[in-house]
Amino acid sequence: RGIMVQVEDESEAHPQLNTDESYTLTIDVGQGDIMGHIMANTVYGALRGLETFSQLVVFDFESATYQLDAPEWGVPLMIQDVPRFPHRGLMVDT
């Protein structure tokens, strides 16, 4: 059980308009255990993949364990994501 994160370019330079934030998240069953794998070109893509993964995992208080909350999709699961625009928006609360 767990998740492996693979990053091609490990540079931690500040993000720019051309920074690749794409990632692929796969979740599969191997030897009876659920295993996640994030592949990204940059650390920023890996960060986005980890955020998506965190939204799929819930804590079960009865068993005191973390579980995958994707019954309607099931496993295996593959998510490929890339930002629609080259910039991030900013929301200012008034």
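Relevant structure appears above.
Below is a short write-up of the structure. (Residues numbered from 1 in each chain as written. Predicted model: local features only at pLDDT ≥ 70, side-chain atom pairs only at ≥ 80, totals over all residues. Heavy atoms only, no water.)

Below, the discussion takes up the side chain of serine 22. Note that serine 22 resides in the loop between β1 (2-9) and β2 (23-30). What makes serine 22 buried here is its relative accessible area of 17%. Polar side-chain contacts of serine 22 include one of 2.6 Å to the side chain of aspartate 20. Among all residues touching serine 22, those that are not within four sequence positions of it are Ala40, Asn41, Gly45, Asp81, Val82 and Pro83. (Helix = DSSP H or I, 4+ residues; strand = E, 2+ residues; numbered from the N terminus. Buried < 20%, exposed > 50% of the residue type's maximum accessible area, 1.4 Å probe, protein only. Polar contact = N/O pair within 3.5 Å; in protein donor to acceptor, adjacent residues only side chain to side chain. Contact = heavy atoms within 4.5 Å.)

What follows deals with the environment of leucine 17. Tracing the backbone shows leucine 17 in the loop between β1 and β2. A relative accessible area of 61% means that leucine 17 is categorised as exposed. Those residues within four positions of leucine 17 in sequence are excluded, and the remaining contacts are Pro86 and His87.

Inspection of every chain in the model, using the stated rule, returns two aromatic pairs. Their ring planes at 65 degrees and their centres at 4.9 Å tell us that phenylalanine 59 and tyrosine 66 sit as a pair that is edge-to-face. Judged by relative accessible area, phenylalanine 59 falls into the partly exposed class, the value being 32%. Using a relative accessible area of 62% as the deciding quantity, one classes tyrosine 66 as exposed. (Phe/Tyr/Trp six-rings, centres within 6.5 Å; stacked < 30°, edge-to-face > 60°.)

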